[in-house]
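Below, each chain spelled out in residue letters.
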There are 2 protein chains.
Amino acid sequence: MFMEKYKIIIDTFGSDKGPEAILEGAKLILNEFDNVDLIIVGDKDLINKYDFDFSRVEIIDSKGTITNYDNPIEAFYKEPDASIFKAFEAASKIKNIGLISAGNSGALMVCAIKYLLNDKRIRPCMAAVLPNMNKSFTCLVDTGASIDCGPNQLINFAHLGSDFMRYLYKIDSPKVGLLSNGAEPTKGNKVVKEAYKLLVEDKNINFIGNIEGNKALSGLCDVLVCDGFAGNQVLKNSEGMAVNLITEIVKYAKKNKQEEVIMPLVQYLMQTYDFESLGAGIMLGSKVPVMKCRGSSGPKAIRNAAHILLNIAMNKSLYDGEDKR
Amino acid sequence: MFMEKYKIIIDTFGSDKGPEAILEGAKLILNEFDNVDLIIVGDKDLINKYDFDFSRVEIIDSKGTITNYDNPIEAFYKEPDASIFKAFEAASKIKNIGLISAGNSGALMVCAIKYLLNDKRIRPCMAAVLPNMNKSFTCLVDTGASIDCGPNQLINFAHLGSDFMRYLYKIDSPKVGLLSNGAEPTKGNKVVKEAYKLLVEDKNINFIGNIEGNKALSGLCDVLVCDGFAGNQVLKNSEGMAVNLITEIVKYAKKNKQEEVIMPLVQYLMQTYDFESLGAGIMLGSKVPVMKCRGSSGPKAIRNAAHILLNIAMNKSLYDGEDKR
């Protein structure tokens, strides 16, 4: 696929399963992608215990960790040698690179603003690409990095999401929907109503109107815009409902002794709604592509994040800071 | 079940399927519930065409309609004879009564504030009772009636939802969760963070902390508190995902020629996640119980709303305006 040597920085902290889960993911990446070298940031002694091919692995030693309970800005001054900060600092200095972290979203944003700002007017955001009922994908933006947003931030999300779907998914004029509590233009909270007006006026956005929660993943739009609070609900609620239904199906199969027919269906659904991978966020608007894996990430999620980074690398103009409109 | 004669006012406007769908629902109610008389508000000529037992049906004629595109307060002055307004006015004057409407949520709130205010300090809200993974129910409040909320409104929702679960579901000390973008107290938008502090301090609420979107219907809490914008996303997104998965299962069954085993599973899932009924909202904090059916409501949804009203009627102290704490 992508022939040029590519580097990926991996932050080993942030997974609920410990750095070991992320280091196992690093192993999967090295085994599968010949053209990738890794820079692994974390506890040097631990990393050295792994039987990596160290001709392809560089280690950056880190000290201290930050958790979801820490205030990201305070943490930045208290724990400047934490892996997340060291990883971003390194990313800002190296060309042809991507970054994977399962760290605190807020800290990721603080780092992106400090080290990876593309355009000083535009704050980066976090997107997720989710499978929709049209057998294609919807870019949900923001998924939780920017919680309290003004209308102009939502417009930025629309632009960043459109660029992403145009470059990565080759959609000429991505359809943009605005998440609201009703399809009518009069529906929405204050920020959404204001954003609606701005989106209608913006000639660089193919705005198709409000989208309700039940149509979020229907495939009506290619980009679904919302603040990070609402986006987080869509992302996690979709996952929760998929898990609930699949759990219900497994119970039903056991109760009715129909595992033979129904368990392959369960396997199929788990592949289609694979939230371990889908949950990963993609930072848009930063100089370097960053994949934010979830706290629950295991090795496979880390491997999948690398796969997406390689796809992005093939379309690296997305992150080159040029205006694409 | 409930022996005393009970009256239900039915607003015939608001369903996307026309007043006919609601009138068919009225027929189901009369057939099934002997102890219910109806007051049907709408086009007198149309209602008279139905072969109702008119000894049990009173008609209130109405003129004009309001739609989801209308501003509810303006509509109230422009179309004072619209069915929704006439229905609420009538409900305010009759004892032992409930009301069913599929009308505009905003107009329902305007009407409730004008005619059915229980306590002048507390604005009513709209709840939905959804099945959770604990094989019990979660009261989601608000589901879309109050879109831009302050922290104190969220506290009111917590009280109204707790009262509802205590009286209707006989839960002594209902567990209250706050919908947020993370489990930690530091997560949330400004309003949610502020509400978190107030909920911790409120001794009349059994607050268990923040709940993330994927745990919304896990059964961790009996009452899930959020503003109407976020609640609308949870409600509709849960429905959307259930529909998406069920659609996917049906396709899989056809493709693999396994309809015989899999279609009964589909039936079971559709009963468990019956959003035509589940989508109905219950107004809390009003003098009279009001069921808000969705725009997509058919006859069955109207019948189910009456069933819930009868359950509430058996616990009418919930709506008697006394302080239950």
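Note that the structure is predicted; figures quoted are calculated from it, not measured.

Next up on the list: the nonpolar core. Ranked by internal contacts, the top residues of the largest apolar core, which has 168 residues, are A:Leu38, A:Ile100, B:Leu38 and B:Ile100. Two domains each donate at least three residues to this core, and these are domain 1 (1-124 + 285-325) and domain 2 (129-276) of chain A. Setting aside residues up to four positions removed in sequence, B:Leu38 forms contacts with B:Ile8, B:Ile10, B:Ala26, B:Ile29, B:Leu30, B:Arg56, B:Val57 and B:Glu58.

In screw terms, the move from chain B to chain A is a rotation of 180° and a rise of 0.0 Å along the axis, fitting with an RMSD of 0.0 Å. Both copies are brought into coincidence by an operation consistent with a two-fold rotation axis. Looking at chain B, 100% of its interface residues are interface residues in chain A too, so the copies touch through the same face.

Residues and elements named next belong to chain A. The contact between helix H8 (residues 228-255) and helix H9 (residues 259-272) brings their axes to 9 Å, and the two run at 170°. Classified by the angle their axes make, H8 and H9 are roughly antiparallel. Seen from H8, the contacting residues are Ile246, Ile249, Val250, Tyr252, Ala253 and Lys254; seen from H9, they are Glu259, Ile262, Met263, Val266, Leu269 and Met270.

Right, let's get into the packing of aromatic side chains. All names here are of chain A. Inspection of the entire model under this criterion finds 16 aromatic pairs over all chains. On the numbers, 5.1 Å between centres and 80° between planes, the contact of tyrosine 196 with phenylalanine 207 is edge-to-face. Remark: phenylalanine 207 occurs in strand S8 (residues 206-211) and tyrosine 196 occurs in helix H7 (residues 190-201); sequence separation between them is 11 residues. Summarising the burial analysis for this pair, tyrosine 196 and phenylalanine 207 share the class buried. The cationic tip of lysine 114 hangs over the ring face of tyrosine 115; the distance from NZ or CZ to the ring centre is 5.5 Å.

The end-to-end C-alpha separation of H7(A) is 17 Å, in line with the 16 Å expected for 12 residues at 1.5 Å each. The elements touched by buried residues of H7(A) are helix H6 (151-168), strand S7 (175-179) and S8 of chain A together with helix H8 (228-255) of chain B.

Here the focus is the domain arrangement of chain A. Residues and elements named next belong to chain A. Per the domain assignment, the segments making up chain A are domain 1 (1-124 + 285-325) and domain 2 (129-276). Domain 1 puts 20 residues into the contact, and the matching count from domain 2 is 16 residues. In total, about 1,700 Å² of surface goes out of reach between domain 1 and domain 2, with carbon and sulfur atoms giving 54% of it. At the surface where domain 1 touches domain 2, the tally comes to 1 salt bridge. At the boundary of domain 1 with domain 2, the tally comes to 2 residue pairs in polar contact (both at pLDDT 80 or more). Per-element accounting of the side of domain 1 that touches domain 2 gives the leading share, 5 residues, to helix H11 (residues 299-313). By residue class, the composition of the side of domain 1 that touches domain 2 is 6 nonpolar, 7 polar and 7 charged.

Attention now goes to the environment of B:Gln258. In this fold, B:Gln258 is placed in the loop between H8 and helix H9 (259-272). Overall, B:Gln258 belongs to the partly exposed group, its relative accessible area being 23%.

Okay, the side chain of A:Thr138 next. Residues and elements named next belong to chain A. Take threonine 138: it is sitting in strand S6 (residues 137-141). At a separation of 3.3 Å, a polar atom in the side chain of threonine 138 contacts the main-chain carbonyl oxygen of cysteine 221. Contacts of threonine 138, omitting those with residues within four sequence positions, involve Ala128, Val129, Leu130, Asn132, Ala216, Leu217, Gly219, Cys221, Asp222 and Leu224.

Now for helix H1 (residues 19-32) of chain B. All names here are of chain B. Between its terminal C-alpha atoms H1 stretches 20 Å, which fits the 20 Å expected from 14 residues at 1.5 Å a residue. Within H1, the full set of buried residues consists of Pro19, Ala21, Ile22, Leu23, Gly25, Ala26, Ile29 and Leu30. Those residues of H1 hidden inside the fold are in contact with strand S1 (6-11), strand S2 (36-42), helix H2 (44-48), strand S3 (57-61), strand S4 (97-101) and helix H11 (299-313).

Quick notes on the rules
Residues numbered from 1 in each chain as written. Chains lettered and ligands numbered in written order. Predicted model: local features only at pLDDT ≥ 70, side-chain atom pairs only at ≥ 80, totals over all residues. Heavy atoms only, no water. Core = buried A, V, L, I, M, F, W, Y, C linked by side-chain atoms within 4.5 Å. Buried < 20%, exposed > 50% of the residue type's maximum accessible area, 1.4 Å probe, protein only. Domains from an automatic or database assignment. Contact = heavy atoms within 4.5 Å. Least-squares fit on C-alpha atoms with pLDDT ≥ 70 in both. Axes fitted to C-alpha atoms, helices over the stretch in contact; angles between N-to-C directions. Helix = DSSP H or I, 4+ residues; strand = E, 2+ residues; numbered from the N terminus. Parallel < 35°, antiparallel > 145°, perpendicular 65-115°, else oblique. Phe/Tyr/Trp six-rings, centres within 6.5 Å; stacked < 30°, edge-to-face > 60°. Lys NZ or Arg CZ within 6 Å of the ring centre and 35° of its normal. Expected span 1.5 Å × (residues − 1). Buried area = accessible area lost by both parts, 1.4 Å probe. Salt bridge = Lys/Arg side-chain N within 4 Å of Asp/Glu carboxyl O. Polar contact = N/O pair within 3.5 Å; in protein donor to acceptor, adjacent residues only side chain to side chain. Nonpolar A, V, L, I, M, F, W, Y, C, P; charged D, E, K, R; others polar.

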